[in-house]
Number of protein chains: 2
Amino acid sequence: MGFDRLIENIIKKQNPTVAGLDPKLDYVPASIKESCFKTYGATLEGAAAALLEFNKAIIDKIYDIVPAIKPQAAYYEMYGWQGVRALSETIAYAKSKGMFVITDGKRNDIGTTMEAYAAAHLGATEVEGAELEAFGADALTVNGYLGSDGIDPLLKICSERDKGIFVLVKTSNPSSGELQDKKLETGESVYESMGMMCESWGSELVGKYGYSAVGAVVGATYPEQLAEMRAKAAHTFFLVPGYGAQGGGAQDAKNAFDQNGLGAIINSSRGIMCAWKKQGLTEEDFAEAARAEALRMKEDILSAIGEIKAV
Amino acid sequence: MGFDRLIENIIKKQNPTVAGLDPKLDYVPASIKESCFKTYGATLEGAAAALLEFNKAIIDKIYDIVPAIKPQAAYYEMYGWQGVRALSETIAYAKSKGMFVITDGKRNDIGTTMEAYAAAHLGATEVEGAELEAFGADALTVNGYLGSDGIDPLLKICSERDKGIFVLVKTSNPSSGELQDKKLETGESVYESMGMMCESWGSELVGKYGYSAVGAVVGATYPEQLAEMRAKAAHTFFLVPGYGAQGGGAQDAKNAFDQNGLGAIINSSRGIMCAWKKQGLTEEDFAEAARAEALRMKEDILSAIGEIKAV
C-alpha cells in the first residue's frame with residue numbers, strides 16, 4: 001500500500017534518488033548506434049533499439065545502488081511506436097532487476113478515458129478473458145487539472161494492485177508559476193490547492209511509513225515551496241525533479257524530506273545519462289560514469305539529510 | 001497558419017464536427033476480432049489489429065462528410081506498443097483520406113521534454129540526418145498547467161509546420177470545476193486565466209479566418225462558460241467535447257461558435273463508434289451506423305448554428 005515498496009527499496013539501498021531515463025539518440029555512443037543501424041537501418045526501429053541497449057547498460061551498472069528508474073514517455077514517443085516498444089522493454093528490464101519503475105507520462109483525462117490510461121500504465125487490459133499488462137510500471141506521473149474524476153480510476157488501481165501516482169503540484173520549470181503560483185481568493189496558491197487535493201485523494205491509501213499512494217511532483221528548483229508543501233502535506237510522498245542540470249542542489253532537495261530522511265525521492269536524468277561528459281571520459285564509458293554519478297549524487301543527498309531510518 | 005486547413009475542411013463539408021476514435025475492444029464486432037485473433041492470437045497484437053480494422057472501416061464510411069478525426073491516445077496505449085502502432089497507422093490512414101487529425105494526448109511537460117512531445121506528435125525526429133515523422137498528426141491536445149515553457153516548443157512547430165494545439169481550458173467532466181472554477185484573487189477563474197493565456201500564446205499565429213494555432217478545449221457540458229469564453233477569447237478556436245454521450249446538446253454546443261458558424265469543432269466519440277446500438281442494428285453494421293450518426297449530428301449542429309460561411 002502507498003509507496004511502501006519504493007520506500008523499502010530506498011531504505012535498503014540508503015539512496016533516495018531515481019535515475020531518469022530520458023534517452024536522446026545524441027546521448028548514445030556511436031558504437032551502439034552503428035551496431036543497431038547496421039541491424040535495423042537508420043530508422044525509428046534502429047534508433048529505438050539503440051535507446052534500449054543504452055538503457056539496459058545503465059540499468060546493469062546502477063540497479064544494485066539505485067532504487068528506481070523514471071523513464072520519460074516523451075523521449076520514447078518521439079521514436080514512434082518503435083520507441084514506445086523500447087519504453088515497454090526498458091520497464092520490464094528494470095523490474096526484472098528489482099527496480100521500482102515510475103513512468104513519467106503526466107497523463108490526464110476525464111474519468112472513462114483515465115480508466116484506459118490507468119489500465120495501460122499501471123493495470124492490465126482484458127483481451128478474451130486474459131489480463132495482459134501493457135506497460136506495467138509501478139507508478140505514473142499525472143496532471144490533476146481535471147479534478148477527481150480523472151484521479152479516481154487511478155486510486156482504484158493503486159489500491160487493487162499496490163501501485164502509486166505522482167500528481168503535478170509545483171513543477172521545476174521557470175514558468176511553472178504562471179498558473180501554479182496564482183493566488184486564489186482564499187489566499188491559497190493554485191499549487192497549494194493541488195497539493196491539498198493530493199492529501200485528500202490519498203487519505204484512504206496510506207501505507208505503513210505514513211505516506212499514501214498519491215504522491216506529488218514538487219521541484220527542487222523551488223526550495224521554499226518544497227519546504228512549505230512538506231509541512232502541509234504530511235502523507236504525500238514527493239517526486240522531486242530539478243536537481244543537477246536544472247539547478248537544484250542537495251540543500252534545496254533536503255526540504256522535501258521528513259526528519260527520518262523519508263518522504264521523497266530526488267530525480268536526476270541528464271546528470272546520470274551524460275555523466276561521462278562531466279567526468280571527462282569518452283562516450284563509451286557512459287555506463288561506468290552513470291554509476292559514479294549515481295554514487296556521487298547519493299552521497300550528496302545523504303550528506304544533507306543523514307541516515308534514512310525505517311520508522 | 002492557425003487552423004486554416006481544418007476550417008477549410010469544415011466549410012467545404014459544411015460540418016463542424018470531429019469523430020472521436022476511442023476504440024475499445026468491446027466496440028469491435030465479433031467477426032473482426034475473430035479474424036484478427038486467428039491471425040495474431042488473442043494478444044495485444046491481435047487486439048490492436050482489430051482496432052485498426054475497426055477504425056479504417058469507420059474512416060472509409062465518413063471521410064467524405066466529416067472533416068477530422070480525434071483519436072484518444074489512452075485507448076491505444078492500453079493495448080501496449082502494439083496499440084500505439086495502431087494509433088500511428090490510424091493517423092496515416094485518415095490523413096491519406098484528406099482528414100485533419102487531432103491526437104488527443106493532453107501532453108504536458110517542461111520545455112526540453114515538451115520539445116520531444118512536439119517532435120513525436122506534430123514534428124519529426126532526426127535519425128542520422130533524416131527527418132522521420134513518428135506520429136505526424138495535424139494537431140495535439142495539451143495541458144497548460146506548467147505554463148509557457150511547456151507551450152513554447154509547440155508554438156515553434158505550429159509555426160514551422162502549419163500545425164495546431166488545443167489547450168485544456170474548461171473540460172467537460174463533472175469534477176472539472178474542482179480546480180478550474182476556483183476564483184483567483186483577481187476575480188478571474190482558473191479556466192478563464194488559462195483561456196486568456198491561450199489568446200496570448202496564439203497572438204503571433206493567427207490565420208486568415210481570425211483564429212490562431214492555439215486552440216482551447218471547452219466542454220459542451222458547460223454552455224455558460226462556453227459562451228463566456230467565446231466572447232473573451234476571440235482568436236481561440238475551440239475543440240468541444242461533451243456532446244452526446246456526456247450530455248451536451250446542439251443548443252449547448254452552439255455557444256462555441258461565432259456569428260459565421262466558425263470558431264469551433266464539436267466532438268462525438270461513443271455516439272459515432274457505438275451508433276449501431278442506438279439505431280437498433282447489429283454490430284456488423286457499425287460503419288454504416290457511424291455514417292448515419294455523423295450525418296444526424298451534422299444536421300443537428302447546423303440546425304442550431306445555420307450555414308457555415310467563409311469570411
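On a predicted model such as this, the values are computed, not experimentally measured, just so you know. Residue numbers here run from 1 along each chain, matching the order of that chain's written sequence. Chains carry letters and ligands carry numbers; both start at the beginning, A for chains and 1 for ligands, and go up in the order they are written. pLDDT decides what is reported in this predicted model: residues at 70 or higher carry local features, side-chain atom pairs at 80 or more are listed and counted, and totals for whole chains, interfaces and linings draw on all residues regardless. With hydrogens and water excluded, all non-hydrogen atoms of the structure serve as input to the side-chain values.

### Side note on the overall build of chain A
Per the convention used, a helix needs a DSSP run of H or I reaching at least four residues, while a strand needs a run of E reaching at least two, with both numbered from the N terminus. Regarding its fold elements, chain A presents 14 helices and 10 strands. In terms of principal-axis extent, the alpha carbons of chain A reach across some 60 × 50 × 40 Å. Working definition: with a 1.4 Å probe on protein chains only, accessible area under 20% of the residue-type maximum means buried, over 50% means exposed, and in between means partly exposed. The burial tally for chain A puts 65% of its 311 residues in the buried class. Pairs at least 24 apart in sequence give 73% of the contacts found in chain A among residues at least 6 apart. In this tally, Asp and Glu contribute negative charge and Lys and Arg positive charge; neither His nor the terminal groups of the chain are included. A charge is said to be at NZ when it belongs to Lys, at CZ for Arg, at CG for Asp and at CD for Glu. Positive and negative charge centroids in chain A, built from 31 and 42 side chains respectively, lie 5 Å apart. The contact rule is simple, with two residues in contact once any of their heavy atoms fall within 4.5 Å.

### Overview of the packing of helix 2 (residues 30-40) of chain A against helix 3 (residues 44-62) of chain A
All names here are of chain A. With their axes 8 Å apart at the nearest point, helix 2 and helix 3 run at an angle of 140° to one another. Looking at the two axes, helix 2 sits oblique to helix 3. Seen along the crossing, helix 2 lies across helix 3 with a hand that is right-handed. Counting all contacts with helix 2, which are made through Ile32, Lys33, Cys36, Phe37 and Tyr40, the residues of helix 3 involved are Glu45, Gly46, Ala47, Ala49, Ala50, Glu53 and Phe54. For helices, the axis comes from a line fit to the C-alpha atoms of the stretch in contact; other axes are also lines fit to C-alpha atoms, and the angle between any two N-to-C directions lies between 0 and 180 degrees. What sets the label is the angle itself: under 35 degrees gives roughly parallel, over 145 gives roughly antiparallel, 65 to 115 gives roughly perpendicular, and the rest give oblique. Two helices cross in a left-handed way if the nearer one is turned anticlockwise from the farther one by less than a right angle. They cross in a right-handed way if the turn is clockwise.

### Side note on the sheet that holds strand 2 (residues 68-71) of chain A
Residue and element names in this part refer to chain A. Here, a strand pair is defined by DSSP locating no fewer than two bridges between the strands. Pairing in this closed barrel of eight strands is parallel, and the strands run 1-2-3-6-7-8-9-10 around the ring. When the angles between neighbouring strand axes are averaged without regard to direction, this sheet yields 30°. One ladder, built from five bridges, connects strand 7 (residues 164-170) with strand 8 (residues 214-218); its direction is parallel. Paired with Ile165 across the strands is Val214, a residue of strand 8. Each of strand 3 (100-107) and strand 6 (139-142) touches helix 6 (residues 111-121); the most contacted strand, strand 3, lies at about 155° to it.

### Some remarks on the relation of the copies chain A and chain B
Overlaid copies result from least-squares superposition on C-alpha atoms, with residues included only where pLDDT is at least 70 in both. Mapping chain A onto chain B leaves a residual RMSD of 0.0 Å; the transformation is a rotation of 180° accompanied by 0.0 Å of translation along its axis. Such a turn and shift between the copies fits a two-fold axis. Most of the interface of chain A is mirrored in chain B, where 100% of its interface residues again form contacts.

### Quick notes on the packing of aromatic side chains
Working definition: rings of Phe, Tyr and Trp (its six-membered ring) pair if their centres are within 6.5 Å, and the pair is stacked with planes under 30 degrees apart, edge-to-face with planes over 60 apart, and tilted otherwise. Taken as a whole and assessed by the stated rule, the structure comprises 13 aromatic pairs over all chains. Between Phe54(A) and Phe286(A) the ring centres are 4.7 Å apart and the planes differ by 20°, which places this aromatic pair in the stacked class. Taken together, the positions of Phe54(A) in helix 3 and Phe286(A) in helix 14 (residues 286-305) put the pair 232 residues apart, joining distant regions of the chain. A relative accessible area of 0% places Phe54(A) in the buried class. Ring-pair connections join several aromatic residues into one group, and the members of that group are Phe3(A), Phe100(A), Phe166(A), Tyr211(A) and Phe237(A). Over a ring means this: the NZ of a Lys or the CZ of an Arg is within 6 Å of the ring centre and within 35 degrees of the ring normal. One residue, Arg85(B), lies across the ring of Trp81(A), its end atom 4.9 Å from the ring centre. When the ring centre of Phe238(B) is taken as reference, the NZ or CZ atom of Arg230(B) above it lies at 4.1 Å.

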